[in-house]
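# Report on the structure
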Amino acid sequence: MTHLCIFCGSRVNSDEHVWPQWLRRLTETWPSEIRLMKATQLDKAGTPKTWEIDHPTIVTKVVCKTKCNGGWMSDLEKLTEPVLTRLIDGRQTILTIDQQIIIAQWMIKCAMVFDGMVKFDGVKTGTFYDKSDRFQFRDTLEPSAWTYIWLGHYAGPNLQFFTRSGTKSNRKSTPPFEHYIITMAFGRLVLQLLDLKFFDDQNREGVRIRPNGQWSLHTIELLSNGTRPIEWPPRLSFDDSHYTFDKFSDRFGRLI
């Protein structure tokens, strides 16, 4: 069976590192006991699949080499590396509008690649993003109007890797919608993306994002304040007692 690139439709002929190689190089100096990556992914039925590896390497065959992996995706990684490295190391900084856009683009790319790895009956189909979503993102690198991205600061004591993603349908809501969430923690940096997709053209003005818990002081929402730079890190940090990664990744128990 010939597999086609999820972003352009060309023949797949390249290995794509879900977590880029610059991230692995960055963590190679960390003690082995804190380089454990924990990953959880939900299938269409909401059943979790969890696995662990001792370094942040996941390779998938869902993209082509020339147009995508060695083209716009490589260019995006080069822009992302210096921006995220400062956040992963926990250094104070100011995120410019351009840097916020770069992080948002990188998060969407990761979400689409991770979603594209999902297999059903042996075929990679994804659960949320379809062909038109991926092709449009490749052409524009623009998020949809219903894409939300937050950053948080992780205070340790362990510098572990996590990822949790999944798709849930809310067809009984008004308007009916589907949402995709991916949450990641690298070093001192926590990232979360929420993407919504609506099933019809009903009025969407009544949609309100209502995460469980009080997280506003622990996170910064990218591109939410117009054209202003943002100060990093947030006022409060995640920890291993109350404001944990697991609670944060599950905070959208009730969206509307």
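Residues numbered from 1 in each chain as written. Predicted model: local features only at pLDDT ≥ 70, side-chain atom pairs only at ≥ 80, totals over all residues. Heavy atoms only, no water.

### Points about unusual backbone geometry
Leaving glycine aside, a negative phi is the common case for residues, and trans is the common case for peptide bonds. The residue after tryptophan 232, namely proline 233, is reached through a cis peptide bond having omega 5 degrees. Take proline 233: it is sitting in the loop between strand E13 (230-232) and helix H5 (245-249). (Helix = DSSP H or I, 4+ residues; strand = E, 2+ residues; numbered from the N terminus.)

### Regarding helix H2 (residues 65-88)
Taking 1.5 Å of rise per residue, 24 residues should cover 34 Å, yet H2 covers just 28 Å from first to last C-alpha, more than 12% shy of that figure. Of the residues one or two after H2, glycine 90 is the one with positive phi, at around 85 degrees. (Expected span 1.5 Å × (residues − 1).)

### Some remarks on the packing of H2 against helix H3 (residues 97-116)
Two quantities define a packed helix pair, namely the angle between the helix axes and the distance between the axes. Where H2 meets H3, the closest approach of the two axes is 9 Å, and the angle between their N-to-C directions is 120 degrees. Where H2 crosses over H3, the handedness of that crossing is left-handed. On H3, the residues that touch Trp72, Met73, Leu76, Glu77, Leu79, Thr80, Val83, Leu84 and Leu87 of H2 are Gln99, Ile102, Ile103, Gln105, Trp106, Lys109 and Val113. Tallied by class, residues from the contact of H2 with H3 come to eleven nonpolar, three polar and two charged. (Axes fitted to C-alpha atoms, helices over the stretch in contact; angles between N-to-C directions. Left-handed = near helix turned anticlockwise from the far one by under 90°. Contact = heavy atoms within 4.5 Å. Nonpolar A, V, L, I, M, F, W, Y, C, P; charged D, E, K, R; others polar.)

### Brief notes about the pairing of strand E10 (residues 177-186)
Counting buried positions along E10 gives ten out of ten residues, so the element sits mostly inside the fold. Burial of the side chains of E10 extends over both faces: Phe177, His179, Ile181, Thr183 and Ala185 are buried on one face and Glu178, Tyr180, Ile182, Met184 and Phe186 on the other. The pairing of E10 with strand E11 (residues 189-198) spans ten bridges and is antiparallel. In the sheet register, isoleucine 182 faces E11, and the bridge partner there is leucine 193. Between E10 and E11, which follow one another and run antiparallel, lie two residues, and glycine 187 among them has a positive phi close to 60 degrees. (Buried < 20%, exposed > 50% of the residue type's maximum accessible area, 1.4 Å probe, protein only. Pairing = 2+ DSSP bridges.)

### A look at the confidence of the model for the protein
When pLDDT is averaged along the protein, the result is 80; 73% of the residues meet or exceed 70. Predicted confidence is poor over residues 120-124, with pLDDT under 50, and the contacts of this stretch with residues over four places away or in other chains come to 14 contacts. (pLDDT = per-residue confidence, 0-100.)

### Examining the state of the cysteines
One pass over the structure, following the stated rule, counts zero disulfides. Unpaired in this structure, cysteine 8 has its nearest cysteine sulfur neighbour in cysteine 64, at a distance of 3.5 Å. (Disulfide = S-S within 2.5 Å.)

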